[in-house]
Amino acid sequence: MHDDARFDTRAIHAGQEFDPTTGAVIPPVYLTSTYVQDGIGGLRGGYEYSRGGNPTRTALETQLAALEGGIRGLSFASGLAAEDALLRTALRPGDHVVIGNDVYGGTHRLIRRIFGDWGVTHSTVDTSDLDAVRGAVELGTTKVLWVETPSNPLMKISDVAALAELGQEAGLLTVVDNTFASPALQQPISLGADVVVHSTTKYLGGHSDLIGGALVFAAGQEELAEQVGFTQFAAGAVSSPFDAFLTSRAIKTLSVRMQRHSENALAIAERLAAHPGVARVFYPGLASHPGHELAARQMSGFGGMLSIELAGGGEAAHRFAESTELFQLAESLGGVESLVNHPWSMTHASVRGTDAEVPESIVRLSVGIEDVDDLLADIDAALARL
Ligand code: PLP
């Protein structure tokens, strides 16, 4: 692969060289915990024990770094394990984090409850409001600005370039959770972010058959990458070789999946927006979305996630979420199959009663890549039951 290979070529070839022994086009899955040494310390390729390194994980980490335009990728057992390793390495008691007010509930819970107990404080703000972020930063104490864009579940769009500039001026680390967009649609490092986080469980894994997470570091963050690499090794939340293989395999079709997710989601968003039972549709692909122009600038597609606010409130939201058939009621997102979720009672139950609470009237849809007419028929049937 040439150094200047484009995204779709990198997705298929980065880290995925054929096996030199047999010529197998797909590199083998190294289901091994340990490696024979040629005399004490005589390692072949640097591999000693699979918590420290495994060729299948290395292949995925190379692929992830190539997709996000970073200098190093690290693959973890889950998205939260990746977040934990990063924060544990970057923060010390007394430090402060500024975090979006519409992020994945588990991220907020991690910072509030786990890091809170270790003396790390946080402020929850709307990261799509630059002045609010500026006002929340405590110079010298704020060490991390945590941005999720599009956000979960209200699909707020935050200006990554402006936030990264603000972060640089304040001497803090700007971290972008790129799970919703995936690198096929948005590359935060090219906009100035220092670290990109993924729940690879979602679009990168793409088939709802694994749990995984990743970090990718921007140029200039070599030292931090090294330190987090040590945390990964020493604390041990690595991805298994088989999960790493499944993720690498899925990444090869990421672009085509994201294109279809985006097309289907736009059609569903438009249908929902036309129904009187739906008070609001949160989808950045709609011209009515407050972040539409910014999203069109910093993303190359609007993705497969959208949320709606039901005019009938919480009761209608419960009914809608339990009425669809093709859209299966389940947590998670980003798979080829469509899912429906009631954040207030499911994915975001842990932030109820906090400043990141999601209204009960919201329903979130992860629009899959099934035939769009079948998806629309399912939505129509659920709307008819409102
Ligand atoms: N970030 C986002 C945006 C998510 O939606 C999730 C999970 O839903 C996570 C992080 C956490 O990832 P995981 O569930 O793989 O630990």
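Reading guide: rules and limits
Residues numbered from 1 in each chain as written. Predicted model: local features only at pLDDT ≥ 70, side-chain atom pairs only at ≥ 80, totals over all residues. Heavy atoms only, no water. Near = heavy atom within 4 Å. Polar contact = N/O pair within 3.5 Å; in protein donor to acceptor, adjacent residues only side chain to side chain. Areas by Shrake-Rupley, 256 points an atom, 1.4 Å probe, with all protein chains shown as cover. Helix = DSSP H or I, 4+ residues; strand = E, 2+ residues; numbered from the N terminus. Buried < 20%, exposed > 50% of the residue type's maximum accessible area, 1.4 Å probe, protein only. Contact = heavy atoms within 4.5 Å. Salt bridge = Lys/Arg side-chain N within 4 Å of Asp/Glu carboxyl O. pLDDT = per-residue confidence, 0-100. Expected span 1.5 Å × (residues − 1). Arc of directions from axis to C-beta. Axes fitted to C-alpha atoms, helices over the stretch in contact; angles between N-to-C directions. Parallel < 35°, antiparallel > 145°, perpendicular 65-115°, else oblique. Left-handed = near helix turned anticlockwise from the far one by under 90°. Nonpolar A, V, L, I, M, F, W, Y, C, P; charged D, E, K, R; others polar.

Draft legend 1. Spatial organisation of the site of the ligand. Lining the immediate environment of the ligand, one finds 14 residues, of which Gly79, Asp177, Ser199, Thr201 and Lys202 sit closest. One of the backbone N or O atoms of Leu80 is found 2.9 Å from an oxygen atom in the ligand. Between an oxygen atom of the ligand and a side-chain N or O atom of Asn152, the distance comes to 3.2 Å. When isolated, the ligand has an accessible area of 390 Å², and the protein chains bury 92% of it. Sorting elements by how many residues they give to the shell around the ligand places helix α3 (residues 79–90) first, with three residues.

Draft legend 2. Seen up close, helix α8 (residues 241–251). Of the residues making up α8, those classed as buried are Pro241, Ala244, Leu246, Thr247, Ser248, Ala250 and Ile251. Buried residues belonging to α8 abut α1 (7–13), α2 (55–68) and α9 (254–273).

Draft legend 3. Examining the pattern of salt bridges more closely. Counting across every chain of the model gives 10 salt bridges. With a closest N to O distance of 2.5 Å, Arg88 and Asp84 form a salt bridge. Remark: Asp84 and Arg88 occur in helix α3; sequence separation between them is four residues, near one turn of the helix. By relative accessible area, Arg88 is classed as partly exposed at 42%.

Draft legend 4. Geometry of the confidence of the model for the protein. Averaged over all residues, the pLDDT of the protein equals 97, while 100% of them reach at least 70. Between the elements of the protein, mean pLDDT differs from a low of 96, seen in helix α4 (residues 105–117), to a high of 99, seen in strand β7 (residues 213–217).

Draft legend 5. Representation of helix α7 (residues 222–235) in the model. For α7, which comprises 14 residues, the first-to-last C-alpha distance of 20 Å matches the rise-based estimate of 20 Å (1.5 Å per residue) to within 8%. Looking at α7, one finds that the buried residues are Leu224, Ala225, Val228, Gly229, Thr231 and Gln232. Here the buried residues of α7 occupy an arc of 160° about the axis, which is enough to place them on one side. Away from its buried face, by an angle of more than 90 degrees, α7 presents the exposed residues Glu223, Glu226 and Phe230.

Draft legend 6. Molecular detail of the environment of Pro284. Note on placement: Pro284 falls in the loop between β8 (278–282) and α10 (292–298). Residue classification places Pro284 among the buried positions, given a relative accessible area of 0%. Residue contacts for Pro284: discarding those within four places in its chain leaves Met155, Ile157, His289, His292, Ala295 and Phe302.

Draft legend 7. Up close: the packing of α9 against helix α12 (residues 372–384). Where α9 meets α12, the axes come as close as 10 Å, and the angle between the chain directions of the two elements is 25°. In terms of orientation, α9 lies roughly parallel with respect to α12. α12 is crossed by α9, and the crossing has right-handed handedness. Residues Asn264, Ala267, Ile268, Arg271 and Leu272 of α9 form the contact with α12, whose own contacting residues are Val372, Leu375, Leu376, Ile379, Asp380 and Leu383. Residues that form the contact of α9 with α12 fall into these classes: eight nonpolar, one polar and two charged.

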